[in-house]
Amino acid sequence: MNKTNASIREEKSKLLSPKIDVIFQILFGEIGSEEITKDFLSTILEEKINEVNLNENIVFRRELPNGKMGIVDVLAKINESEYCNIEMQMTDKKNMIKRMLYYWAKQYARGINKREDYQVLKRTIVVLIANFELENLEESGLHSRWKLIEVKDRKIVLTDDIEFNIIELPKLNKEPKGSEDEKLKEWLNFLENPESKEVQGYMKRNENMKAAREKLNEISKDEKVRRIAELRQKAIMDEKEAEYTGYCNGLEEGIKQGIEQRNIEIARSMKEEGIDIKHIIKVTGLSEEEINTL
């Protein structure tokens, strides 16, 4: 069925989801978003940030990417020297911690030239915002912070140069009201549904969130950006479908193997009881050759 002009206009007026990584990158990683990103990062890192530089990010609105889009994230230089890599991840790659370590190591190593002293290396932070819950973090809350610590006796931090922040969006509604992360929850609610009544209230007291909402409204009207978002959304859906198909195939294979193993055990028991092999074949479906090898 062809879409009506009214439905097309309605679709075009609808806000794009900030959780789509390319939209997240345009919203928080484009030059001009420094104040928005500074507020967002200050809330996550729970510290005052004086300056944010976004000059090293890809500008997606400059041209439509061809083919498969690679890594999409936000790189923010904070307080003139430290770097923070922010990734919005919609699908579970099953290797997210190693992925974060790779991002951290790659960015950290960029901070030094061959002839420079290691002293020039500065704190590098990775922020993962996941639209799923990570394995082995069931006991962690909505926002967990990770550093290198001594685990045996004193529990002291070895260095501040490495820091991971993990935010698991599915835990957003599980957090009790009045928690310390209340302002962070407001920003995360913006990511989840920027058109909600709650977000409308947050914007009245947070000028940066209001600016983010206005920018989202502006980019949602951009035909090129909508096309990029559609391509990315399709890629995400295809990825999820592939994962589901793989899961189903694996489940089906597991059931098949389980039935085969059960039939082997039944055949072995029947054979020990001296039951005629023809009856064993009829009950288990195994071949005479397979039964003779038991």
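The structure under discussion appears in the preceding block.
The structure displayed is predicted, hence computed values, not measured ones.

For the protein, the helix and strand inventory stands at 10 helices and 6 strands. Look at the contacts in the protein between residues 6 or more apart in sequence, and 63% of them connect residues 24 or more apart. As displayed, the protein has an accessible area near 18,300 Å², and 50% of this comes from carbon and sulfur atoms.

In this fold, Lys38 is placed in helix H3 (residues 34-45). Accessibility expressed as a relative area gives 18% for Lys38, which makes it buried. Within polar-contact distance, the side chain of Lys38 engages the side chain of Glu35 at 3.4 Å. Apart from residues no more than four positions distant in its own chain, Lys38 is found in contact with Ile49, Asn50, Glu51 and Val52.

Negative charge collects at one region of the surface, where Glu253, Glu260, Glu289 and Glu290 lie side by side. At the level of elements, helix H8 (223-272) and helix H10 (288-292) are the ones that each hand at least two residues to the negative patch. Inspection of the secondary structure puts Glu253 in helix H8.

The end-to-end C-alpha distance of H3, which contains 12 residues, comes to 16 Å, matching closely the 16 Å that a straight helix rising 1.5 Å per residue would cover. Counting buried positions along H3 yields 9 of 12 residues, so the element is predominantly enclosed. Among all positions of H3, only Ile36, Thr37, Lys38, Asp39, Phe40, Leu41, Thr43, Ile44 and Leu45 are buried. Glu46 sits one or two positions beyond H3 and adopts a positive phi of about 55 degrees.

Definitions and cut-offs
Along each chain, the written sequence defines residue order, and numbers are assigned to residues from 1. Confidence filtering applies because this is a predicted model: local features only for residues at pLDDT of at least 70, side-chain atom pairs given and counted only at 80 or more, and all residues used for totals across whole chains, interfaces and linings. Hydrogens and water molecules were not included; the side-chain quantities draw on all heavy atoms of the structure. Helix and strand definitions follow DSSP, with helices as H or I runs of at least four residues and strands as E runs of at least two, each counted in order from the N terminus. Note on contacts: a residue pair is in contact if any heavy atoms of the two residues lie within 4.5 Å. Surface exposure here means Shrake-Rupley accessible area, sampled with a 1.4 Å probe, where a residue is shielded only by the protein chains that are shown. Partly exposed describes any residue whose relative accessible area lies between the buried limit of under 20% and the exposed limit of over 50%, with all areas from a 1.4 Å probe on protein chains only and scaled to the type maximum. Distance and chemistry together define a polar contact, namely a pair of N or O atoms within 3.5 Å, with one atom able to donate a hydrogen and the other to accept it when in protein, and with adjacent residues in sequence counting only for side-chain atoms on both sides. Patches here are clusters of residues that have more than 30% relative accessible area and form no salt bridge, with a 9 Å joining cutoff for like charges and a 5 Å cutoff for nonpolar side chains (Val, Leu, Ile, Met, Phe, Trp, Tyr). When a carboxyl oxygen of Asp or Glu is within 4 Å of a side-chain nitrogen of Lys or Arg, the pair counts as a salt bridge. Charged-residue counts in this description rest on Lys and Arg as positive and Asp and Glu as negative, His and the chain ends being excluded. Lys charges are placed at NZ, Arg charges at CZ, Asp charges at CG and Glu charges at CD. How far a helix is expected to stretch is found by multiplying one less than its residue total by 1.5 Å.

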